[in-house]
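Residue-level listing of the chains:
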Protein chains: 2
Amino acid sequence: MTYVQDDNIIFVGNKPVMNYVLAVVTQFTNGAKEVSVKARGKAISRAVDTTEIALGRFLQNVEKISITTSTEQVDTENGKTNVSSIEIVLGLKQDTTQVPA
Amino acid sequence: MTYVQDDNIIFVGNKPVMNYVLAVVTQFTNGAKEVSVKARGKAISRAVDTTEIALGRFLQNVEKISITTSTEQVDTENGKTNVSSIEIVLGLKQDTTQVPA
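Analysis parameters
- Position numbers for residues count from 1 along each chain, tracking the sequence in the order it is written.
- Labels follow written order: the first chain is A, the first ligand is 1, and so on.
- Side-chain atom pairs in this predicted model are given and counted only at pLDDT of 80 or more, local residue features only at pLDDT of at least 70, and totals for whole chains, interfaces and linings cover all residues.
- To get the side-chain values, all heavy atoms of the structure are used, and hydrogens and water are removed first.
- In superposing the copies, a least-squares fit is computed on C-alpha atoms, taking residues whose pLDDT is at least 70 in both.
- In what follows, residue pairs with any heavy atoms lying within 4.5 Å of each other are defined as contacts.
- Definition of nonpolar core: a set of buried residues of the types Ala, Val, Leu, Ile, Met, Phe, Trp, Tyr and Cys, connected through side-chain atoms within 4.5 Å.
- Only protein chains enter the accessibility calculation, which uses a 1.4 Å probe; a residue whose area is less than 20% of its type maximum is buried, one above 50% is exposed, and one in between is partly exposed.
- Secondary structure elements follow DSSP: runs of H or I of four or more residues count as helices, runs of E of two or more count as strands, with numbering from the N terminus.
- What makes two strands pair is DSSP finding at least two bridges between them.
- As defined here, a cavity is a set of points on a 1 Å grid over the protein atoms alone where a 1.4 Å probe fits but cannot get out. A pocket is an open set with protein on both sides within 12 Å along at least five of seven lines, and residues line them when an atom is within 4 Å of a point.
- Grid points are joined across faces, edges and corners, and a volume is the space filled by probe spheres set on the points.
- Residue polarity is assigned by list, with Asp, Glu, Lys and Arg as charged and Ala, Val, Leu, Ile, Met, Phe, Trp, Tyr, Cys and Pro as nonpolar; anything else, Gly included, falls into the polar class.
- Under the convention used throughout, the expected extent of a helix is 1.5 Å for every residue step, that is, one less than its residue count.

Chemist: When you look at the relation of the copies chain B and chain A in this model, what are you seeing that I'm missing?
Modeler: The two chain copies are related to each other by a rotation about an axis together with a translation along it. Screw-axis analysis of chain B against chain A gives a translation of 0.0 Å along the axis, an RMSD of 0.0 Å, and a rotation angle of 180 degrees. Here the transformation between the copies is reduced to the relation of a two-fold axis. Nearest to the rotation axis, the C-alpha of serine 45 of chain B is located 2.6 Å from it, this being the minimum over chain B. By residue overlap, the copies meet face to face through one surface: 100% of the interface positions of chain B are interface positions in chain A.

So, in structure tokens, the structure goes:
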């Protein structure tokens, strides 16, 4: 699964959104305290869908910690071009004293 | 222009991104202190593009104040469905003592 990396970053691309939702849920299930969801270009919408579905349906004890957007330079056949990117950082809620098993 | 409303909200839809960039720039040029850029579904990527281009190329004295994502219920022919949304609030930088004419 190329969209999961060691340091709890999920790169959202062109696969169905539930693939990425599952990746996020799996990271937290495996003990991650924070997961970063990243995307560029048109996949930005899917990254937002991923976090909304993951938090709304599956991870009641997780919240959005930060959302940042930026512009990245990428190399293409026709030279460098700019592409928008987003990073949504998710983390366990601080006030969660009872986590559902 | 249906995507510009009285209260400084730009609704980003399916038009070319520069239409919305121009709308944002125009609002600040006309004296707005804050402008809210909103989008739903696939247009979310274009909303991020809009703010990145507006701030990167045209509005050096404007910054992102907040970025929030949420889930909205919309009515369709087949009943209610959920759609992701984003709101990016832009505002004049506080520390800007000299604004380019």
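Chemist: Please clarify how the nonpolar core should be interpreted in this entry.
Modeler: General note: in soluble globular proteins, nonpolar side chains tend to be found buried as a group. The biggest cluster of nonpolar side chains holds 50 residues, and the ones touching the most others in it are Val24, Ile86 and Leu90 of chain A together with Val24, Ile86 and Leu90 of chain B. The greatest single-element share of this core, amounting to 7 residues, is contributed by helix 2 (residues 43–58) of chain A. When near neighbours in sequence (up to four residues on either side) are disregarded, leucine 90 of chain B contacts Val24, Phe28, Lys33, Glu34, Val35, Val37, Thr51, Leu55, Val62, Glu63, Lys64 and Ile65 of chain B.

Chemist: Is there a simple way to explain the pairing of strand 4 (residues 79–92) of chain A in this structure?
Modeler: Side-chain direction in a regular strand flips from residue to residue, so the side chains alternate between the two faces of the sheet. Residues and elements named next belong to chain A. Direction of pairing for strand 2 (residues 34–40) relative to strand 4: antiparallel, over a ladder of 7 bridges. Residue pairing across strands places valine 37 opposite isoleucine 88, the latter belonging to strand 4. Looking at chain direction, strand 3 (residues 62–76) and strand 4 are connected through 14 bridges and run antiparallel. Residue pairing in the sheet places glutamate 63 in a bridge with glycine 91 of strand 4. Hairpin connection of strand 3 to strand 4: 2 residues between the antiparallel strands.

Chemist: What should I look at first to understand the layout of surface pockets in this one?
Modeler: Once rolled over the atoms, a probe with the size of a water molecule shows which space is left empty. One number sums up the size of the largest pocket: a volume of about 500 Å³. Taken together, 22 residues make up the lining of the largest pocket; nearest its centre are Ser45, Arg46 and Asp49 of chain A together with Gly41 and Lys42 of chain B. Secondary-structure elements contributing two or more residues to the lining of the largest pocket are helix 2 of chain A together with helix 2 (44–58) and strand 4 (79–92) of chain B. For the lining of the largest pocket, the element with the highest residue contribution is helix 2 of chain A, accounting for 7 residues. Partitioned by chemical class, the residues of the lining of the largest pocket number 5 nonpolar, 9 polar and 8 charged.

Chemist: I tried to follow helix 1 (residues 17–29) of chain A on my own but got confused; where do I start?
Modeler: Residue pairs spaced three or four apart in an α-helix point in one direction, given the helix's 3.6 residues per turn. Residues and elements named next belong to chain A. Across its 13 residues, helix 1 extends 18 Å between first and last C-alpha, which sits within 8% of the 18 Å expected from 1.5 Å per residue. Residues of helix 1 that are buried include every one of Tyr20, Val21, Ala23, Val24, Val25, Gln27 and Phe28, and no others. Contacts from the buried residues of helix 1 go to strand 1 (9–11), strand 2, helix 2, strand 3 and strand 4. Taken from the residues just after helix 1, glycine 31 is the one with a positive phi, measuring 105 degrees.

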